[in-house]
Amino acid sequence: MGSCGSNGHGTAVVVVPRPHAEGPAAMLGIGTANPTGVLMPQDVFADTLFRITNSDHLTELKHKLTRICGNTGIDKRHFHLTEETLAAHPELLDPELPSLGTRVDMTVDAVPKLAQRAAAKAIAEWGRPPADITHLVFTTYSACGAPSADLRLATLLGLRPTVSRTILSLHGCYGGGRALGLAKELAENNRGARVLVACSETTLVCFGAPDGGNLVGHAIFGDGAGAVIVGAGPFLDGEQRPIFEMVHAMQTTVPKTEHALGMQVTGGGIDFHLSIQVPTLIGQNVERCLLNAFRGGHDDDDDDAHLPSPLSGNGNKWNDFFWAVHPGGRQILDNIDKVLKLEPEKLAASRHVLREYGNMSGATIVFVLDELRQRRSLLPEWGSMMAFGPGITIETMVLRCPR
Ligand SMILES: CC(C)(COP(=O)(O)OP(=O)(O)OC[C@H]1O[C@@H](n2cnc3c(N)ncnc32)[C@H](O)[C@@H]1OP(=O)(O)O)[C@@H](O)C(=O)NCCC(=O)NCCSC(=O)/C=C/c1ccc(O)cc1
């Protein structure tokens, strides 16, 4: 139904609202990229870090980081920041010197260019030209200016000037999950919309010399970008058919956990705080979030008829699903395995991504989705995507793998 008005010349103007799409949104192309600067094996990371930050005299800290690195389940990580760049910018290592400007200057190019490489792969798989993209949702913890990395990416890819851009900043590790949730809503509510989700993260905004408080961050974070094209039916000519349908998405904030995980922009870059409680808090809350998501968002027993019920029948049903879980850290995956009583291979895609790349914050979930779809023929029909970050915020999405 349209609404009527006047165009000021006495002629009636009929505004026809854009109709909704058909069916749920789906992922139509997935791409990932890592910086080419540094590929760091985990078994030499502690030695390298302490050497390049002139911290070799802190022997106890170095031993502790070596021990933590050995328990991360990570084999290697990619970084944008090279030893040469670090040597040219001593302010990056001295907390007394302002370094935010240097870091922002470096990310202005690095973040959108990394995203461009991931997006080019997603667009190629999708099968349509970049000009057919109607919306862009960009997420990063490195955006400190305006216009920002979203506009730079739109320019690099040649998106049309009417593309509707949104940038999500400092969502940290749940940024990819939130961006996909938003893309789903945009695609389903605007017939013909094709949304590019781009997540691009680099640790150079938070890199610093090791101290007692940041060892775990040093041990697990890496750099990477992921991109997904999201759209809903009717599908266009030449377009990739759905890889994963995005059936239901929801966000949950765990009450009174604001203190557990956070980021703060300072003159010295971005400081992050990571409580030792994070794996436990996630483990304690994950099943409730999943039950709500599979009930279509209702925190009660009113199951949504079109979703499979993990509670039906006898025994543990979580093993009947496939899993795309953000590998925030090895202990987080271990706790989820334990709470949901998952069979060992259920989190294989998450553990693979953690091993090959570490935790690339908001971009990591796209790597997990990319890894899972390589195993598509082995997957059950229904699955779940989960990402965690400051709040503590838990993003959950029910996925369906079409046959
Ligand atoms: C693989 C770990 C790092 C180590 O494994 P472990 O050796 O079996 O663990 P332990 O519990 O024995 O811990 C080893 C040591 O590290 C210490 N530790 C253990 N977590 C801690 C701790 N958060 N603090 C400070 N000491 C600790 C712990 O106290 C202990 O110290 P010590 O007794 O002196 O040997 C494991 O602890 C682990 O997986 N932790 C979870 C990591 C985690 O919270 N991930 C974050 C999820 S949220 C997210 O993904 C993103 C946030 C983000 C934020 C900002 C950004 O810029 C970008 C991203």
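By convention here, each chain's residues receive numbers from 1 onward along its written sequence. Predicted model: local features are reported for residues with pLDDT of at least 70 only, side-chain atom pairs are reported and counted for 80 or more only, and whole-chain, interface and lining totals are derived from all residues. Hydrogens and water are ignored here; the side-chain numbers use all heavy atoms of the structure.

Where an unreviewed UniProt entry is consulted, the chain appears under the name Chalcone synthase, with the organism given as Triticum aestivum. UniProt lists a comment for the chain under the heading Sequence similarities (unreviewed entry), and it reads "Belongs to the thiolase-like superfamily. Chalcone/stilbene synthases family." UniProt positions are given in the numbering used here, feature names are shortened, and annotations may be inferred rather than shown by experiment.

Backbone torsion omega between G233 and P234 reads 0 degrees, so that peptide bond is classified as cis. Look at the link from G391 to I392: it is a cis peptide, with omega at -10 degrees. When you line up the elements, I392 lands in the loop between β14 (382-389) and β15 (393-400). Within the chain, N54 stands out as a residue other than glycine whose phi angle is a positive 55 degrees. A run of H or I in DSSP becomes a helix once it reaches four residues, and a run of E becomes a strand once it reaches two; helices and strands are each numbered from the N terminus. Tracing the sequence through the fold places N54 in the loop between α1 (45-52) and α2 (59-70). Phi angles above zero are rare outside glycine, and S361 is one such case at about 50 degrees. Looking at the secondary structure, you find S361 in the loop between α10 (348-357) and α11 (364-374).

The next subject is the pattern of salt bridges. The working definition used for a salt bridge is a side-chain nitrogen of Lys or Arg within 4 Å of a carboxyl oxygen of Asp or Glu. Taken as a whole and assessed by the stated rule, the structure comprises 21 salt bridges. For R191, the salt bridge identified is with E22, shortest N-O distance 2.8 Å. Placement of the pair is R191 in the loop between α6 (175-189) and β8 (194-201) and E22 in strand β3 (residues 22-33), with a sequence separation of 169 residues. Each residue is placed in one exposure class: buried if its accessible area under a 1.4 Å probe, protein chains only, is under 20% of its type's maximum, exposed if it is over 50%, and partly exposed if it falls in between. According to the relative accessible area criterion, R191 is partly exposed, its value standing at 29%. The shortest N-O distance in the salt bridge between D109 and K113 comes to 3.6 Å. Note that D109 and K113 are positioned in helix α4 (residues 100-126) at a spacing of four residues, about one turn of the helix. When salt bridges that share partners are traced, they join R330, D334, D337 and R351 into one network.

Contact geometry of α1 with α2 gives a least axis separation of 8 Å together with a crossing angle of 145 degrees. Relative to α2, α1 is oriented so that their crossing is right-handed. Contacts between α1 and α2 involve F45, A46, D47, L49 and F50 from the former and L61, K62, L65, T66 and C69 from the latter. Side-chain classes are defined by residue name, with Ala, Val, Leu, Ile, Met, Phe, Trp, Tyr, Cys and Pro counting as nonpolar, Asp, Glu, Lys and Arg as charged, and the others, Gly among them, as polar. Looking at the contact of α1 with α2, its residues break down into seven nonpolar, one polar and two charged. Note on method: axes are straight lines fitted to C-alpha atoms, helices fitted across the in-contact stretch only, with angles between N-to-C directions ranging 0 to 180 degrees. In this scheme the crossing of two helices becomes right-handed for a clockwise turn of the near helix relative to the far one and left-handed for an anticlockwise turn of less than a right angle. Any pair of residues with heavy atoms lying within 4.5 Å of one another is described as a contacting pair.

Further remarks concern the state of the cysteines. Disulfide: a pair of cysteine sulfur atoms within 2.5 Å of each other. Throughout the structure, instances matching the rule amount to zero disulfides. As a non-bridged cysteine, C289 has C173 as the owner of its nearest cysteine sulfur, 16 Å distant.

Relative to each other, helix α8 (residues 278-294) and helix α9 (residues 330-340) sit at 40 degrees, their axes nearing to 9 Å. It follows from the interaxial angle that α8 and α9 lie oblique. α9 is crossed by α8, and the crossing has right-handed handedness. When α8 is examined against α9, the residues V278, P279, T280, I282, G283, V286, E287 and L290 are found in contact with a partner set consisting of Q331, I332, N335, I336, V339 and L340. For classification purposes, angles smaller than 35 degrees are called roughly parallel, those larger than 145 roughly antiparallel, those between 65 and 115 roughly perpendicular, and all remaining angles oblique.

In this section: the sheet that holds strand β9 (residues 224-233). Pairing between strands is defined by DSSP: at least two bridges between the two strands are required. In spatial order, the strands read β7-β6-β8-β9-β3-β10-β15-β14-β13; together these nine strands make up an open sheet with mixed pairing. Both edges of this open sheet fall to β7 (164-169) and β13 (322-325), since each of them pairs with a single strand only. Neighbouring strand axes in the sheet, compared pairwise and without regard to direction, differ in orientation by 25 degrees on average. Here four bridges tie β13 to β14, and the two strands are oriented parallel to one another. Looking across to β14, one finds that F322 is bridged to G383. Its contacts with the sheet place α6 against β3, β6 (135-140), β7, β8, β9, β10 (244-253), β14 and β15, and it is angled at close to 120 degrees to β10.

Next up on the list: the domain arrangement of the chain. An automatic or database domain assignment is the source of the domain bounds shown. Split into domains, the chain comes out as domain 1 (26-232) and domain 2 (244-299 + 309-400). Here the C-alpha centre of domain 2 lies 19 Å away from the C-alpha centre of domain 1. Each side of the interface is counted separately: domain 1 has 50 residues, and domain 2 has 44 residues. Taking both partners together, domain 1 and domain 2 bury about 3900 Å²; carbon and sulfur atoms supply 66% of that area. Computed with a 1.4 Å rolling probe, the buried area is the accessible surface lost when two parts are put together, summed over both parts. Summed over the three residues of domain 1 that lose the most area to domain 2, namely M27, C173 and Y174, the buried surface amounts to 17% of that side. For the interface between domain 1 and domain 2, the tally reads three salt bridges. Among the salt bridges present, the one from E125 reaches R373, with a minimum N-O distance of 2.6 Å. Whenever two N or O atoms come within 3.5 Å, that pair is a polar contact, provided that in protein one can donate a hydrogen and the other can accept it, and provided that, for residues adjacent in sequence, both atoms are side-chain atoms. Here domain 1 is connected to domain 2 by 24 residue pairs in polar contact (both at pLDDT 80 or more). Breaking the side of domain 1 that touches domain 2 down by element, the ones donating at least two residues are β3, β5 (76-79), α4, α6, β8, α7 (215-220) and β9.

Moving on, we come to the site of the ligand. R67, C173, L274, Q331 and N359 are the nearest of the 27 residues found near the ligand. A distance of 3.2 Å is found between an oxygen atom of the ligand and a backbone nitrogen or oxygen belonging to R330. In this structure, Q331 approaches the ligand through a side-chain N or O atom, which is 2.8 Å from an oxygen atom. Burial of the ligand by the protein amounts to 80% of the accessible area it has alone, namely 1100 Å². The set of elements that each furnish at least two residues to the shell around the ligand consists of α2, α7, β11 (261-266), β12 (269-274), α8 and α9. In the shell around the ligand, the residues fall into 15 nonpolar, nine polar and three charged. We call a residue near a molecule or strand whenever a single non-hydrogen atom of that residue lies within 4 Å of it. Note on areas: Shrake-Rupley, 1.4 Å probe, and residue coverage restricted to the protein chains presented here.

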